[in-house]
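One letter stands for each residue in the lines below.
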Amino acid sequence: MKSNFNIATLVRESVKNLKPYSSARDEYISDGSKMVFLDANENPFENGVNRYPDPYQRNLKAILSEQKGVSEQSILLGNGSDEVLDLIFRAFCEPNQDNVITLPPTYGMYKVLAGINAVENREVLLTADFEPDVPEILAVADENTKLLFICSPNNPTGNAFSDEHIKQLLESFRGLVVIDEAYIDFSQKKSWLNNLKDCPNLVVTQTLSKAYGMAGIRLGICYASEEIITVLNKIKPPYNVNQLTQQQAMGRILDQKAIQQEVSQILKERGALQQELGDLEFVKEVYPSDSNFVLVKVDHADKRYQELINKGVVVRNRSNQPLCGNTLRFTVGTPKENKKLIAILKQMK
Ligand SMILES: *Cc1c(COP(=O)(O)O)cnc(C)c1O
């Protein structure tokens, strides 16, 4: 169906014609031989970070490539997913001309990035059961619609979308389909990464900020066809992922056992938390979750939010989001933190 898909028709004219900046580390690529580096105006005295980092993060990508079964040329890394998403806007959306589609209630950054980049954001609400409204999405798209953002598992609703709905969109939407999988490690559902080969218009983003427990180092990951990654590489800042981040990330992703242990603990705690929340009088609904948080409908969200603050617990009030009136979003904490939360909630009248 997508056999005649042509990435060139989606790329901005200015990006197509761009000659990217060539850094010192681009022009001479170390093959490991002992060389004297007098090419980048660095301070020569070693302190661990006096040299510029690898602009293409080859060592880190080699590990990811092996773990995920995708080529290194299909991976782009950024300073958090937020940078990756911004690069996608800047590569494909002509300001004041193109548009994107987002599916509220969802992650707020897509809308902010659209605003920053002067790109129209067409919003198509999720259905009442928090699924994409496929016919409406396809009806709203036109020849200037470059991107469709699908957050699955979705923040703040917590659910992963049905495979069938996503498949329909991948087949019928004519721009790029960006599936944000920030929470995929908490879900029973398989990553869409496995479909990269069959879907030339698919972009999958992941992050080290959630299940991998490294929000502080800022590492976002983008997987897509080599053609798409080539375009993004052209416009990314040369040294967008710093040396310390590359080192810390490598150490962590090689320790899959520790990550899996933490994820299973979080999943166990999530189940217990959902149970306890469901027993509370002022809780009207506990929504299913494929993520590390639970969305809950309560009687008076503003009041409950403030009561929790007064007791020293900060949650997220999502009540101003469409379809989310009177909802609070609880991130799953440590067993001790969750116990404290439940004890406080049980005292509320
Ligand atoms: C937390 C989150 C991210 C992570 O963003 P980073 O910039 O990588 O920290 C991305 N997408 C969604 C939907 C999120 O909730």
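Quantities reported herein were computed from a predicted structural model and do not represent experimental measurements.

1. Regarding the overall build of the protein chain
Working step 1: The secondary structure content of the protein chain amounts to 12 helices and 11 strands.
Working step 2: Rg of the C-alpha trace for the protein chain: 22 Å, near the compact-globule value of 20 Å for 349 residues, within the 12% margin.
Working step 3: Out of the 349 residues in the protein chain, the part that is buried amounts to 50%.
Working step 4: For the protein chain, the accessible area works out to roughly 17100 Å², and carbon and sulfur atoms hold 50% of it.
Working step 5: Computed over 40 positive and 44 negative side-chain charges, the inter-centroid distance for the protein chain is 5 Å.

2. Digging into the packing of helix H10 (residues 256-278) against helix H12 (residues 335-347)
Working step 1: Between H10 and H12, the shortest axis-to-axis distance is 11 Å and the interhelical angle comes to 5°. Considering the angle they form, H10 stands roughly parallel to H12. Residues Gln265, Glu269, Leu273, Glu276 and Leu277 of H10 form the contact with H12, whose participating residues are Pro335, Asn338, Leu341, Ile342, Leu345 and Lys346.
Working step 2: Of the residues assigned to the contact of H10 with H12, the class counts are 6 nonpolar, 2 polar and 3 charged.

3. What about the sheet that holds strand E10 (residues 316-317)?
Working step 1: Strand order across the open sheet formed by 4 strands is E8-E9-E11-E10, with antiparallel pairing between neighbours. Bordering the open sheet on either side are strand E8 (283-286) and E10, each of which pairs with just one other strand.
Working step 2: As paired elements, E8 and strand E9 (residues 293-298) share 3 bridges and run antiparallel to each other. Residue pairing across strands places glutamate 285 opposite lysine 297, the latter belonging to E9.
Working step 3: Against the sheet, H10 engages E8, E9 and strand E11 (327-331), with an angle of about 5° to E9.

4. Some remarks on the nonpolar core
Working step 1: Counting 48 residues, the largest nonpolar core has Leu148, Ile150, Leu208, Leu219 and Tyr223 as its most contacted members.
Working step 2: Inspection of this core shows a minimum of three residues originating in each of domain 1 (7-254) and domain 2 (257-347).
Working step 3: If we skip the residues at most four places from it in the chain, isoleucine 150 touches Leu103, Phe161, Ile166, Leu169, Val177, Val178, Ile179 and Asp180.
Working step 4: If you look at the next biggest cluster of nonpolar residues, it comprises 32 residues, including Val15, Ala91, Cys151 and Leu232.

5. Quick look at the side chain of asparagine 159
Working step 1: Following the sequence through the fold, asparagine 159 ends up in the loop between strand E4 (145-151) and helix H7 (163-172).
Working step 2: A distance of 2.5 Å separates the side chain of asparagine 159 from the side chain of threonine 157, its partner in a polar contact.
Working step 3: When near neighbours in sequence (up to four residues on either side) are disregarded, asparagine 159 contacts Asp129, Phe130, Glu131, Pro153, Asn154, Pro288 and Asp290.

6. Observations concerning the domain arrangement of the protein chain
It is common to give the size of an interface as the accessible area that goes away when the parts come together.
Working step 1: What the domain assignment reports for the protein chain is domain 1 (7-254) and domain 2 (257-347).
Working step 2: Facing 24 residues of domain 1, the contacting portion of domain 2 comprises 21 residues.
Working step 3: Here domain 1 meets domain 2 over a buried area of about 1800 Å², counting both sides, of which 64% is carbon and sulfur.
Working step 4: Run the count over domain 1 and domain 2 and you get 1 salt bridge.
Working step 5: Between arginine 252 and glutamate 262 there is a salt bridge, with its nearest N and O atoms 3.0 Å apart.

7. What about the pattern of salt bridges?
Working step 1: The final tally for this structure, using the stated rule, is 16 salt bridges.
Working step 2: Salt-bridge contacts for glutamate 13 lead to lysine 16; the nearest nitrogen and oxygen are separated by 3.4 Å. Highlighted residues: glutamate 13 and lysine 16, both in helix H1 (residues 13-16), separated by 3 residues, approximately one helical turn.
Working step 3: For lysine 16, a relative accessible area of 39% corresponds to the partly exposed category.
Working step 4: Across the salt bridge formed by glutamate 46 and arginine 51, the nearest N and O atoms sit 3.9 Å from each other.
Working step 5: The exposure class of glutamate 46 is exposed, given its relative accessible area of 60%.
Working step 6: According to the relative accessible area criterion, arginine 51 is partly exposed, its value standing at 25%.
Working step 7: Each member of the salt-bridge network shares a partner with another, and the members are Arg25, Asp39, Glu42, Glu46 and Arg51.

8. With respect to the side chain of aspartate 290
Working step 1: Structurally, aspartate 290 can be placed in the loop between E8 and E9.
Working step 2: With no salt bridge to any partner, buried aspartate 290 finds its closest opposite charge in lysine 189, at an N-O distance of 5.6 Å.
Working step 3: Beyond its immediate chain neighbours, meaning those up to four positions away, aspartate 290 contacts Pro153, Gly158, Asn159, Ala160, Tyr183, Phe186, Ser187, Gln188 and Arg270.

9. Focus on the environment of lysine 111
Working step 1: Mapped onto the secondary structure, lysine 111 falls in helix H5 (residues 109-116).
Working step 2: Along the sequence, lysine 111 and asparagine 121 sit 10 residues apart, while their C-alpha atoms lie 6.4 Å from each other.
Working step 3: Once residues lying within four places of it in the same chain are set aside, the contact partners of lysine 111 are Asn121 and Glu123.

Analysis parameters
Residues numbered from 1 in each chain as written. Predicted model: local features only at pLDDT ≥ 70, side-chain atom pairs only at ≥ 80, totals over all residues. Heavy atoms only, no water. Helix = DSSP H or I, 4+ residues; strand = E, 2+ residues; numbered from the N terminus. Rg over C-alpha atoms; globule rule 2.2 N^0.38 Å. Buried < 20%, exposed > 50% of the residue type's maximum accessible area, 1.4 Å probe, protein only. Areas by Shrake-Rupley, 256 points an atom, 1.4 Å probe, with all protein chains shown as cover. Lys, Arg positive; Asp, Glu negative; His and termini not counted. Charge placed at Lys NZ, Arg CZ, Asp CG, Glu CD. Axes fitted to C-alpha atoms, helices over the stretch in contact; angles between N-to-C directions. Parallel < 35°, antiparallel > 145°, perpendicular 65-115°, else oblique. Contact = heavy atoms within 4.5 Å. Nonpolar A, V, L, I, M, F, W, Y, C, P; charged D, E, K, R; others polar. Pairing = 2+ DSSP bridges. Core = buried A, V, L, I, M, F, W, Y, C linked by side-chain atoms within 4.5 Å. Domains from an automatic or database assignment. Polar contact = N/O pair within 3.5 Å; in protein donor to acceptor, adjacent residues only side chain to side chain. Buried area = accessible area lost by both parts, 1.4 Å probe. Salt bridge = Lys/Arg side-chain N within 4 Å of Asp/Glu carboxyl O.

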